[in-house]
Amino acid sequence: MRISVRWLQQYLKTDVPLPRLLDLITNCGLEVEQVIDLGMVSGKLIVGEILKIEAVEGAGKVRLCTVMADEKEPLKIICGAQNIKEGDYVPVAKFGMTFPDGMVLKPRKIMGIEGQGMLCSAKELGVAEDADGIWLLPHDYPIAEPVDALIEISITPNRPDALSVIGVARDLAAKINALKDGRSRASFEYPSLQMEESVTEKTESAVRVTLQAREDCGRYTARVVRGVKVGPSPRWMQIALEGAGLRPINNLVDITNYVLLEMGHPLHAFDLDKVSGQQIIVRTAQPGEKIKTLDDATQELAAGDLLICDALKPIALAGIMGGGNSEISEGTTNVLIESAWFRPSTIRRTAKRLDKSTDASYRFERGTDHVKLTAALNRVAQLMCEIAGGTVLKGIVDVVGVLPRKEPVTVRIARVNKVLGLDLSGRDIVDVLTPLGYAVPRSDREVIQVEVPPHRPDVSIEVDVIEEVGRILGYDRVAEKGLVFPGVYRQPAPIQRVREQLASAAISQGLTEAINFSFVSEGANALVGLADQGQVQVLNPITSDQKVMRRSMLPSLLQNVLHNFNHGVEEVALFELGHSYAFLPEDDAPRDRKNMTPPAVETPWFAAVVAGGGKPNWKEAESEADFYQVKGLAEYLLGMLGIGKLVVESSDAKWLHPGRSARFLVKGQPVATFGEIHPAILKELSIKRRVAYLEIPLDGPILDVAGLPKIGEPPRFPAITRDIALVVDSTVRSLDLERTIRKAAKNLLAGVKLFDVYEGEHVGPGRKSLAYSLVYRAEDRTLKEEEVTAAHGEVLSALEREHKATLRS
């Protein structure tokens, strides 16, 4: 929101200089993003009056202007703009002024005449994107004084009360007076709302209002102004709108926009003669119903969208934009003014669905004041009477539906002081809250009863009020004190502990954490074979490529790999802690949701991807990510969770290479799936190098078995190693052979490791050779050769008996 300092000064009377005022705005919680200096900071742009305009011989449209912009003597300024005349007030730039585009004004001759300054357009000053000539100023601006300053303020969503000049002025007045530094004082002055009404005709006789949607429209008020004349608005109003970034249209429309910016409440003006039956009906739309809005766009509506209608048709999309069939035109003479309160969620839903954000919807979505809306209504009627020459009919039509109710908030004085670290009395707190519009019907030495003003929908509990006190008094007043808190240790949730352990272990292995959106394209899930059972749709996608929630972590990490490869990164090693989203199968859905749209479930994961490798050098050949690399990573990560005795079996994951993938089981339950990405997926993504992937579900059995890494005592007695090469049928699994070896060797076997696999002519068709290294060790003694030979013999006998294994010669 952009506001003019001159406009702000109409309601905030203070002697605080501008730089200090900007600091106070930020300290109020209203962030100052930018200041467009129109002379109030630099002093290089002042108000001037054109005294005389003379033609310059041979210069075409270029003219010499005599401008009074100094108390000493008039200035001679060359200007080619054609929209100026003698008597106009204009902005005069002095030498040394820096313009928004970085240009610095320096003396130079034009047509042989050395000018003494420059007359500026709104575009040159950064006020508007385009301009037709010099920016003309109101005649109440003092000659030779700085023109203005425009403050761009960022308003947080919880502060709709600050979306107006009056709202900012109210906060600043309270803030300045709370300083109590003996130097600065401020007063807040609300605009006068006095006006003359018709003595013969009442508003209720000119228009009737019916609320059918009483919950969506909590209050609807209306006034009628007859006999207006449409024309340009006065220059002071145009300047105010231009300074705020709005384009003046005509006096009637400009007045509603002016009051919107002034008071923060959106209003709308209808041509009363275009309102059929002089009747207003507030109702919800029928599915498929249409309305053409002021921007000449036809909107197709859904059930629940709120409409303002006359006796025959919709004439406005409530809280968002008026309809073209009732708009103000040059021939308008009678005006119906609307000032209403609409439920924020209703306006937000329609505006988001139609992708139609306006100044009105922006405020209604955040919440407006359902009490002071009549003040805004009267302000518009007053200005129409003064500027457009109309007659205001007597009284207001005021129909009330369902309005939000707020209970008084009980504020404990001791609690305020404890939270803020101050020593405030009840009177101190009341003095802070009252200028902000809070009422205090009851207070004593311990408790204050606070009634929250309707323009603060964000304040509802005690700590909200405490925040208000701290915001106005200033957090810089909070004394520095050491924190005192009970030393209570809370055991982290199992999933949090596992997440932290996995992240730490992955980083120790050289992986970098990736953080991705959970939104992906519809094709991303299909690419990895996970588009079945439907996809969880995003209601308001950020882009067309982020329409659904990911079914797996893999699509996001593959995009990370592709991005890195495309930017010349040869080796990629990433991990991510995130979630996947899928619909719960109907058979698993709660009984009361059978045959309905299945609910979506969120599954936590740890996932890692390894791709590419180092370039070849004199010492090492070119490396490539593969199955064994990611298998080793999985073993290490699970080991750091204290998980041992892993059982490995093949994986049927669609996205992994069928011959280069597996998964680890613990107690018969899968705890990790890993392998190389299926070549078809890599081809689709134009990735020409191997990519290995690992995923660990964090919602299953891993939480039951995970613990701290087990660190055993170093062996006290030596080991004896025996290597064997077994020839078995090609269908025999290494897993089954290892089980037989461990069972036969009993407690004398300290470890077994597969170190070679061979298939070829030396073992015959349908056969394979698997070579294992067996380590024998006893925990209580040094094994004798005879003991190892006997145990090893039992192992070979068991392998021959159960798997028809023979020793390879």
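Treat the numbers as computed from the prediction; the structure is a model and nothing was measured. (Residues numbered from 1 in each chain as written. Predicted model: local features only at pLDDT ≥ 70, side-chain atom pairs only at ≥ 80, totals over all residues. Heavy atoms only, no water.)

Participant: Any details on the overall build of the protein chain? Residues and values, ideally.
Facilitator: Of the regular secondary structure elements, the protein chain holds 20 helices and 41 strands. For the C-alpha atoms alone, the extent of the protein chain along its principal axes is close to 120 × 70 × 60 Å. For the protein chain, buried positions account for 48% of its 809 residues. Contacts in the protein chain between residues at least 24 apart in sequence constitute 71% of all its contacts with a sequence separation of at least 6. Total accessible area on the protein chain is roughly 41,000 Å²; 50% of this is exposed by carbon and sulfur atoms. Across the protein chain, the centroid of the 97 positively charged side chains sits 3 Å from that of the 108 negatively charged ones. (Helix = DSSP H or I, 4+ residues; strand = E, 2+ residues; numbered from the N terminus. Buried < 20%, exposed > 50% of the residue type's maximum accessible area, 1.4 Å probe, protein only. Contact = heavy atoms within 4.5 Å. Areas by Shrake-Rupley, 256 points an atom, 1.4 Å probe, with all protein chains shown as cover. Lys, Arg positive; Asp, Glu negative; His and termini not counted. Charge placed at Lys NZ, Arg CZ, Asp CG, Glu CD.)

Participant: Please give an account of helix H2 (residues 18–27) that cites residues and values.
Facilitator: Buried residues of H2: Leu18, Leu21, Leu22, Leu24 and Ile25, and no others. Looking straight down H2, one finds its buried side chains confined to an arc of 160 degrees; they lie on one side. Turning to H2, the residues buried within the fold contact helix H1 (5–8), strand S2 (12–14), strand S3 (31–38), strand S11 (148–154) and helix H3 (165–179). Phi turns positive one or two residues past the end of H2, at Gly29, with a value near 95 degrees. (Arc of directions from axis to C-beta.)

Participant: Now, about the sheet that holds strand S7 (residues 89–93): what can you tell me, with residues and values included?
Facilitator: The strand order across the open sheet formed by five strands is S6-S5-S4-S7-S10, and the pairing between neighbours is antiparallel. With one partner strand each, in any of the chains shown, strand S6 (75–79) and strand S10 (118–119) form the two edges of the open sheet. (Pairing = 2+ DSSP bridges.)

Participant: Please give an account of the pattern of salt bridges that cites residues and values.
Facilitator: Side chains bearing opposite charge may pair, as long as their charged atoms lie close to each other. With the rule as written, the count across this model stands at 36 salt bridges. In this structure, Asp216 engages Arg343 in a salt bridge whose closest nitrogen and oxygen atoms are separated by 2.6 Å. Of this pair, Asp216 sits in the loop between strand S14 (208–211) and strand S15 (217–226) while Arg343 sits in the loop between strand S23 (335–342) and helix H7 (344–354); the two residues are 127 residues apart in sequence, bridging distant segments of the chain. When its relative accessible area of 9% is taken as the criterion, Asp216 is described as buried. We note a salt bridge from Asp458 to Arg456, for which the minimum N-O separation is 2.9 Å. You can call Arg456 buried: its relative accessible area is 3%. Each of Arg159, Asp161, Asp171, Arg456, Asp458, Glu468 and Arg471 takes part in salt bridges that share partners, so that together they form one network. (Salt bridge = Lys/Arg side-chain N within 4 Å of Asp/Glu carboxyl O.)

Participant: Summarise the sheet that holds strand S22 (residues 321–322); cite the residues concerned and give the values.
Facilitator: Strand order in the open sheet formed by five strands is S14-S17-S20-S21-S22, and the pairing between neighbours is mixed. Unpaired on one side and paired on the other, S14 and S22 mark the two borders of the sheet. Here S14 pairs with strand S17 (residues 279–284) via four bridges, running parallel. Within S17, the position partnered with Val209 by the bridge is Ile280.

Participant: Now, about the nonpolar core: what can you tell me, with residues and values included?
Facilitator: Counting residues in each nonpolar core, the largest one holds 54 residues, and the members touching the most others are Leu8, Leu172, Tyr258, Ile337 and Met384. Of all the elements in the fold, those that place two or more residues in this core are H1, H2, S11, H3, helix H5 (235–243), helix H6 (251–263), S23 and helix H9 (373–387). It is H3 that provides the largest number of residues to this core, a total of seven residues. (Core = buried A, V, L, I, M, F, W, Y, C linked by side-chain atoms within 4.5 Å.)

Participant: Break down the pairing of strand S16 (residues 268–271) for me, with residues and values.
Facilitator: Burial along S16 is two-sided: His268 and Phe270 and Ala269 and Asp271, pointing in opposite directions, are all buried. Summarising the sheet, S16 and S23 pair through four bridges and their orientation is antiparallel. Counterpart to His268 in the pairing with S23 is Glu338.

Participant: Got a sec to walk through the environment of Thr731? Specific residues and values, please.
Facilitator: Here Thr731 lies in the loop between strand S38 (720–729) and helix H19 (734–745). We classify Thr731 as exposed; its relative accessible area is 64%. Sequence-wise, Thr731 and Gly766 are 35 residues apart; in three dimensions their C-alpha atoms are separated by 8.2 Å. Polar side-chain contacts of Thr731 include one of 2.6 Å to the side chain of Asp729. (Polar contact = N/O pair within 3.5 Å; in protein donor to acceptor, adjacent residues only side chain to side chain.)

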